[in-house]
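# What the coordinates show
What follows is each chain in one-letter form.
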Amino acid sequence: MEKKKLLKNKIVDTLPVLYLETVILMVLGQFLGNFVLGIPVGIAYARNPEILNSAFLNTTLMYVIFWGIWAVALFWIGIRKRNRPILQAVGTKPQGNNWKYLLFGLVLGFALNGFCILIAWLHHDIVLTYDAIHPLWFVVVFLTVFIQSSAEELLCRGFLYQKLRRSYKNPVVGNALLFALLHLANDGVTVLSVLNIFLVGILFSLMVYYMDSLWCAFAVHTAWNFTQNILFGLPNSGINVPYSVFKLDAATARDSFAYNVGFGIEGTLLADVVLLVACVLLYLWGRKHGKKSMDVWAET
């Protein structure tokens with residue numbers, strides 16, 4: 001009986017099964033988010049069809065549905081005894097899950113993305129015009145972007161990372177690979193953009209590995225997406241949103257080393273180099289000054 005249990009555990013912890021489990025959780029989470037929010041939105045639309053013409057509302061809905069991933073992932077982690085230790089990585093028990101690293105992540109995400117956008121703008125690949133900023137809308141959309149970005153991190157750098165860590169020596173590459181594969185169906189995807197998403201996954205994984213901070217990955221991911229989509233109105237992994245502070249003159253945008261018309265700055269050589277440098281610097285820092293990452297499986 002014990003041998004059968006061990007064999008079953010080995011099978012469910014193999015890479016293909018873990019990938020499938022993660023994808024299923026993501027799909028179920030998005031379905032739940034869409035289904036639950038679809039009811040009040042449908043009622044509101046029936047009363048006032050013009051409500052869906054709001055750029056702010058449509059953008060908010062695009063991001064906030066990811067609350068379903070949080071709900072499904074936490075439910076699945078909590079309901080299975082073998083998964084429960086992962087909950088430790090989400091809370092304040094890891095040394096790096098603190099406000100300092102959360103703030104650092106927001107600054108870093110803005111700096112990395114902002115630098116790439118600045119170069120594209122200086123190179124005249126994009127033309128941006130200021131539209132408007134509504135402080136309340138701005139904050140609300142930021143919070144919904146945080147929900148979306150942290151949900152993806154919860155699955156890839158929380159759930160999958162920790163599951164891989166139990167079965168494999170290197171969880172960094174494994175979850176970064178799935179993260180890249182999940183973006184293959186996005187509009188405008190190219191070899192450079194897939195490499196970009198893979199490097200982003202490596203960077204976020206190194207934050208968990210060397211900084212012991214899932215929260216930092218939450219923050220960098222949020223700032224990266226928010227800077228592109230909401231601040232500057234650019235495609236984020238090929239996806240455009242209606243609401244943004246600046247608007248892109250899409251008719252004048254051009255492909256170059258710093259900008260890709262279909263995928264945005266993430267589909268460029270410049271962004272890949274910037275992310276590669278960030279990964280190398282974090283690796284070198286981590287080897288010398290990094291924290292000892294908490295082993296959630298130590299007591300199992």
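Refer to the preceding data block for the structure.
Residues numbered from 1 in each chain as written. Predicted model: local features only at pLDDT ≥ 70, side-chain atom pairs only at ≥ 80, totals over all residues. Heavy atoms only, no water.

## Overview of the overall build of the protein
- Helices and strands together make up the secondary structure of the protein, namely 11 helices and 2 strands.
- Along the chain direction, N to C, the helices and strands of the protein fall in the order α-α-α-α-α-α-β-α-α-α-α-β-α.
- For the protein, whose C-alpha radius of gyration is 20 Å, the value lies close to the compact-globule estimate of 19 Å for 300 residues.
- Projecting the C-alpha coordinates of the protein onto the three principal axes gives extents of approximately 65 × 50 × 35 Å.
- Counting the 300 residues in the protein, one finds 48% classified as buried.
- Long-range contacts, defined here as pairs at least 24 residues apart, represent 78% of the contacts in the protein between residues at least 6 apart.
- Here the protein displays about 14800 Å² of accessible surface, and carbon together with sulfur accounts for 71% of that area.
- Taking the 23 positively charged and 16 negatively charged side chains of the protein as two groups, their mean positions are separated by 17 Å. (Helix = DSSP H or I, 4+ residues; strand = E, 2+ residues; numbered from the N terminus. Rg over C-alpha atoms; globule rule 2.2 N^0.38 Å. Buried < 20%, exposed > 50% of the residue type's maximum accessible area, 1.4 Å probe, protein only. Contact = heavy atoms within 4.5 Å. Areas by Shrake-Rupley, 256 points an atom, 1.4 Å probe, with all protein chains shown as cover. Lys, Arg positive; Asp, Glu negative; His and termini not counted. Charge placed at Lys NZ, Arg CZ, Asp CG, Glu CD.)

## A closer look at the side chain of N229
- Tracing the chain through its elements places N229 in helix α10 (residues 214-231).
- For N229, a relative accessible area of 2% corresponds to the buried category.
- One polar contact links N229 to Y63, side chain to side chain, over a distance of 2.6 Å.
- When sequence neighbours within four positions are dropped, the list of residues in contact with N229 reads Y63, L234, P235, N236, I239, N240, V241, Y243 and S244. (Polar contact = N/O pair within 3.5 Å; in protein donor to acceptor, adjacent residues only side chain to side chain.)

## Details of the packing of aromatic side chains
- Inspection of every chain in the model, using the stated rule, returns 13 aromatic pairs.
- These aromatic residues form a ring-pair network of at least three members: F56, W137 and Y243.
- In this arrangement the basic side chain of K100 is found over the ring face of Y101, its NZ or CZ atom lying 5.5 Å from the centre.
- The ring of W297 carries R166 above its face, with NZ or CZ at 4.0 Å from the centroid. (Phe/Tyr/Trp six-rings, centres within 6.5 Å; stacked < 30°, edge-to-face > 60°. Lys NZ or Arg CZ within 6 Å of the ring centre and 35° of its normal.)

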